[in-house]
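# Geometric and topological summary
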Amino acid sequence: MDSEKAIAAIKEARPPATDRFTYLTIVETNLSPAVLPTLNEVLQDAELTQEIGWDLVYNLVNLPGSDECLETIARLGNPREVILKVLETLELLSQDDGYQSDDESEAGETNGEKSVPFKQKFITLVNMLSILHKRIKTKYPSRFLATSLQTIYNTYRPNHEMTAAVINLVRSLAGNKRPPLPTRKSSVNVANPDQHGDATKNAPDPEADKETEHPTETAIQERLLLSFATCILESFVNKNDVAWAPRLLEFHNPEKIVPGRKTLMARFREEKELSEKDGAVGQLVALIADLGLSSCDKTFLSQVTEGPLQTDPLSKTEDIARPEDIGLSTGGCVILLAYWVFSTTVFDSDHPVPDMHIFPDHLAMLEKFLQDDAEDQIRKAPGTVQALVTIGLWLHDKGLISAIPKAPLANQTTNPDEATSDYMCYILFVTLIAVFHPQLHVRNAASCLAGLVLHADPADDDRLKILYDLLENCDYASLKACAITWLREELIAAAPNAQAAPQNLAAPMNQAPLPSPTLQPGTATPGTRSRAGTNMNVFAGPQALETVQYVVFSNMGFLKELDLQKLVNELGTNAPFFLQAVNFGLFLWGSADKWRRVLPPNLDATVKERWFAPLHDAVAKVKKAVDSGEIEGQELGSLQFDLDVLSERLSRLEAAEGFAVEK
């Protein structure tokens, strides 16, 4: 009965029975899903809709089933006023508590009635804008478009449905120059009234300018759409882990795949949720190509490597007079580069690849993103940072280490300290990613990249200096553990009659390790250099261990002074480093005859006294406390496993023939 009264009131009060202000109040008072068909009939009156349509947007979008009414308002209402109301509504809705939730896939209920989730409201309002912007007839339509794109970007949430709506909007406003390219398939689709609706119902702009559109407007609008698309790409990848870096490592290193464990490559191929991520990114990349960014020329690369960091280019688009003044999202461009090299390698796609090198180009990109508060940048933009790692892995695989041609040692004019600084800075930035990135598989990929670039440094004493710096000054046990691994690989590579380079050396990752030439002890691998200009490799003799022994096997005597709780904290914090140091000891002294050439005299005795004994006693003390119940095992967490492994490895090291010394 109430619905019938509401419908009757909307019909009977229609102007001229009442004035438009009174009628608007009557409509808003009687709004419910039941009156929507009647209201849509009323709104077919273009003159009435131009007067009241814009003021109904907020209330209607919160009402289930209102899409047809809102489409009618978009087609018949005053486009300027309706656009302003749509943008205001987007901003208001984005501030609601529901927008702050991470899961809005289902509509909730308000006062016993179903409510519309923000995701659906966003899609509906964006669909309205795709109609409205094509109706405006003004000399500078880009001014309306710039405001709309900024608001959409600020309220966009990077899920698949909203992304599909945004792609529809851009294709509509760009003119659909050609059908969308086939991309990685996606099952996510949303309605597009501009594409499937009846454009003949669109009313003319009642405030149309008499002046024709400015000649630069088409180019400015296209550049705005391109800038917007790069921002959306960055936002989507930063919230949706696409696992490019670890998948690239899997592709290059199939021999390292654990038998029986499903690879990331397989998961992204077979699992719908993951394959949809690939599909959405592929569609965004195809959209960007349609907007004109489909080549990796010098201008584009210089913007990414040398230009200013553009984090929100859409906020700087007021009163733009030239398209070239509109920036692109730097992070979005980096992600685009990463997609090109990843898909070209893994999917054998036909995309451009960059003409760049790790030095100086990739280092410049890392500096741009990470030189100021690296931890915050990495945590805020994990997708962009993973894209940087992906590009670095690809560059190394292609052997694109340095843009400076190699020259004979006697002819080198480059300052060696500058070269060392470049490698050290690069490894510092990449190891920061290995520490702070929220995804474990990206941290592992960054550690791998750091090791690859370290081993690619042609100067062996540079490599030793970098390793020492990491072991001496790094505060993170996991990275110090990586440094020990890289040290071991350097010793293996410098061994006489070595059969193959270690897996992390500079040989491309998708090729078999290159056989090392037969070397006499103390000689260097061809292509390496030392600061003194000799052909001696510091890793072929005892010099390397003499340099790093006190940072690998440091004095652990202080452990004896710690109470039990502090001892547990110390072991827990540094367990990865301690375990890797013990493994390194097993490597050296488990085959002492093999590695005698790199061991300084009496190193085993001094190491056992200052490092092994106090560490061994500390581990035994904590294990005894656990066994006696003084410490609960669950309090230790993962340290319980680390302690068991440490204890077992320390016992093996103590029994190693090359490590045994007289007490």
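With an unreviewed UniProt entry as reference, the protein chain is termed YAP-binding/ALF4/Glomulin, source organism Neurospora hispaniola.

## Considering the overall build of the protein chain
The number of helices and strands found in the protein chain is 31 helices and two strands. Among the 663 residues that make up the protein chain, the fraction classed as buried is 52%. Within the protein chain, contacts between residues at least 6 apart in sequence are counted, and of these 79% link residues at least 24 apart. By element, 49% of the accessible surface of the protein chain is carried by carbon and sulfur atoms, the whole surface being about 30600 Å².

## Digging into the packing of helix α9 (residues 118-135) against helix α11 (residues 160-174)
Packing of α9 against α11 leaves a shortest axis separation of 9 Å and a crossing angle of 0°. If you check the angle between α9 and α11, you find them roughly parallel. Only E161, M162, A165, V166, L169, S172 and L173 of α11 make contact with α9, whose side of the interface consists of F118, K119, F122, I123, V126, L129, S130, H133 and K134. Looking at the contact of α9 with α11, its residues break down into ten nonpolar, three polar and three charged.

## Observations regarding the state of the cysteines
The final tally for this structure, using the stated rule, is zero disulfides. Free of any disulfide, C474 has its nearest cysteine sulfur in C482, 9.1 Å distant.

## A word on unusual backbone geometry
Cis rather than trans, the peptide bond between P15 and P16 has omega equal to 15°. With respect to the secondary-structure elements, P16 resides in the loop between α1 (2-12) and α2 (20-29). The phi angle at D348 is positive, at roughly 55°, despite the residue not being glycine. Relative to the assigned elements, D348 resides in the loop between α18 (330-346) and α19 (361-370). Taking the relative accessible area as the measure of exposure, D348 reaches 68% and is therefore exposed.

## Some words on the packing of helix α23 (residues 440-456) against helix α25 (residues 477-493)
Packing of α23 against α25 leaves a shortest axis separation of 11 Å and a crossing angle of 35°. The interaxial crossing formed by α23 with α25 has right-handed handedness. Packed against α23, whose contacting residues are S447, A450, G451, L454 and H455, the element α25 presents C482, W486, E489 and E490 at the interface. Within the contact of α23 with α25, the residues separate by chemical class into four nonpolar, three polar and two charged.

Rules used in this analysis
Residues numbered from 1 in each chain as written. Predicted model: local features only at pLDDT ≥ 70, side-chain atom pairs only at ≥ 80, totals over all residues. Heavy atoms only, no water. Helix = DSSP H or I, 4+ residues; strand = E, 2+ residues; numbered from the N terminus. Buried < 20%, exposed > 50% of the residue type's maximum accessible area, 1.4 Å probe, protein only. Contact = heavy atoms within 4.5 Å. Areas by Shrake-Rupley, 256 points an atom, 1.4 Å probe, with all protein chains shown as cover. Axes fitted to C-alpha atoms, helices over the stretch in contact; angles between N-to-C directions. Parallel < 35°, antiparallel > 145°, perpendicular 65-115°, else oblique. Nonpolar A, V, L, I, M, F, W, Y, C, P; charged D, E, K, R; others polar. Disulfide = S-S within 2.5 Å. Left-handed = near helix turned anticlockwise from the far one by under 90°.

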